[in-house]
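Given next are the chains, with one letter for each unit.
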Amino acid sequence: MVVDDHPMWREGVSRDLAAAGYDVVASTGEGRQAVRIAAAARPDVVVLDLQLPDVSGVEVINGLREALGEVRILMLSASGEQRDVLDAMKAGATGYLLKSAGLTEFLDAVARTAAGDTVFTSGLAGLVLGEFRRLAVEPSGPDAIAPKLTERETEVLRLVAKGLSYRQIAERLVLSHRTVQNHVQNTLGKLQLHNRVELTRYAIEQGLGD
């Protein structure tokens, strides 16, 4: 499903997705209508603009999550402002891509979002990394006990937070795909999280950028 208030952009994105083999079940330029349509269309992935004429993209995220549960949402926005990125991710977006991205990068982001990966335009990934490094060694509250992550677990999860897929991490660290999965699962268990999307959201909610 494509949600963007600029008709030419919305139609162009829909055409690109259809040409790549995706079934575009709906498109609209208004946030409230997007939530209503999504409840009936049941999209697997929503490509969502941040700035809409009636309500904000963040409000649409909240409405989509209420209507669909764990829907995967890829923000496609002209804004790379830190506050916008953090607000969208805190609301539950799966990824955040700038409209300056090329077609190949966009289609790759859609595929990875559909697979459950956290996706960022490369320059935005750094918003997550600094806070993740802190969370790997510090408590999340005044009375909390810091999760004891190994050096390898920290290394793997830095790359997860940066947006790399398991396969890319395995290639970079010269590990097997299964070993990477095991490191991620062990670490998520220590942090009491369920997947890499929650990991990214957790890092932001702990005060990234504040």
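Small disclaimer: the values here were computed from a predicted structure and weren't measured.

Per the secondary structure count, the chain includes ten helices and six strands. Across the 210 residues of the chain, 50% fall into the buried class. A fraction of 63% describes how many contacts in the chain between residues 6 or more apart in sequence connect residues 24 or more apart. When the accessible area of the chain is evaluated, it comes to approximately 10200 Å², of which 48% is carbon and sulfur surface.

Low-pLDDT stretches of the model should not have their predicted coordinates read in fine detail. Taken residue by residue, the chain gives an average pLDDT of 79. The fraction at 70 or more is 77%. Confidence drops under a pLDDT of 50 for residues 141-146, and excluding neighbours within four residues, the segment shows four contacts in the predicted structure.

On to helix α5 (residues 103-114). Look at α5: 17 Å from first C-alpha to last across twelve residues, which is about the 16 Å you get at 1.5 Å a residue. All buried positions along α5 are accounted for by Phe106, Ala109, Val110, Arg112 and Thr113. Considering only its buried residues, α5 is in contact with α1 (7-19), β3 (45-48), β4 (72-77), β5 (95-98), β6 (119-120) and α8 (166-173). Of the residues trailing α5, Gly116 is marked for its positive phi of about 95°.

A few words on the nonpolar core. Nonpolar side chains in soluble globular proteins tend to be buried together. If you look at the biggest cluster of nonpolar residues, it comprises 25 residues, and the most contacted ones within it are Val46, Leu48, Ile61, Leu64, Ile73, Met75 and Tyr96. At the level of secondary structure, the elements contributing two or more residues to this core comprise α2 (31-41), β3, α3 (57-68), β4, α4 (82-91) and β5. In this structure, Leu48 is in contact with Val3, Gly57, Val60, Ile61, Ile73, Leu74, Met75 and Leu76, ignoring residues within four places of it in sequence. If you look at the next biggest cluster of nonpolar residues, it comprises twelve residues, including Val156, Leu157, Val180 and Val184.

A few words on the side chain of Lys99. Considering the arrangement of structural elements, one finds Lys99 in the loop between β5 and α5. One polar contact links Lys99 to Asp4, side chain to side chain, over a distance of 2.8 Å. When sequence neighbours within four positions are dropped, the list of residues in contact with Lys99 reads Asp4, His6, Trp9, Asp49, Leu76, Ser77 and Ala78.

Throughout the structure, instances matching the rule amount to one cavity of 30 Å³ or more. Taken as a whole, the largest cavity holds about 30 Å³ of empty space. In terms of lining, the largest cavity is formed by Val2, Val3, Asp4, Trp9, Val13, Val47, Leu48, Asp49 and Leu76. Elements represented by at least two residues in the lining of the largest cavity include exactly β1 (2-3), α1 and β3. When its residues are assigned to classes, the lining of the largest cavity shows seven nonpolar, no polar and two charged.

If you trace the six strands from one edge of the open sheet to the other, you get β2-β1-β3-β4-β5-β6, paired in parallel fashion. Two strands bound the open sheet, and with one partner strand each, they are β2 (27-28) and β6. With four bridges connecting them, β3 and β4 associate as parallel partners. Paired with Val45 across the bridge in β4 is Arg72. This element, α4, spans β4, β5 and β6 of the sheet and lies at about 150° to β5.

The final tally for this structure, using the stated rule, is four salt bridges. The partner of Arg32 in a salt bridge is Asp54, with the nearest N and O atoms 3.9 Å apart. Placement of Arg32 in helix α2 and of Asp54 in the loop between β3 and α3 is noted, with a sequence separation of 22 residues between them. Asp49 serves as the salt-bridge partner of Lys99, at 3.5 Å between the closest nitrogen and oxygen. On the criterion of sequence distance, the pair formed by Lys99 in the loop between β5 and α5 and Asp49 in the loop between β3 and α3 is long-range, its members being 50 residues apart. We note that Lys99, like Asp49, is buried. Via salt bridges that share partners, Asp4, Asp49 and Lys99 belong to a single interconnected network.

Procedures and definitions
Residues numbered from 1 in each chain as written. Predicted model: local features only at pLDDT ≥ 70, side-chain atom pairs only at ≥ 80, totals over all residues. Heavy atoms only, no water. Helix = DSSP H or I, 4+ residues; strand = E, 2+ residues; numbered from the N terminus. Buried < 20%, exposed > 50% of the residue type's maximum accessible area, 1.4 Å probe, protein only. Contact = heavy atoms within 4.5 Å. Areas by Shrake-Rupley, 256 points an atom, 1.4 Å probe, with all protein chains shown as cover. pLDDT = per-residue confidence, 0-100. Expected span 1.5 Å × (residues − 1). Core = buried A, V, L, I, M, F, W, Y, C linked by side-chain atoms within 4.5 Å. Polar contact = N/O pair within 3.5 Å; in protein donor to acceptor, adjacent residues only side chain to side chain. 1 Å grid on protein atoms, 1.4 Å probe; cavity = no way out; pocket = protein on both sides within 12 Å on 5 of 7 lines; lining within 4 Å. Points joined across faces, edges and corners; volume = space filled by probe spheres on them. Nonpolar A, V, L, I, M, F, W, Y, C, P; charged D, E, K, R; others polar. Pairing = 2+ DSSP bridges. Axes fitted to C-alpha atoms, helices over the stretch in contact; angles between N-to-C directions. Salt bridge = Lys/Arg side-chain N within 4 Å of Asp/Glu carboxyl O.

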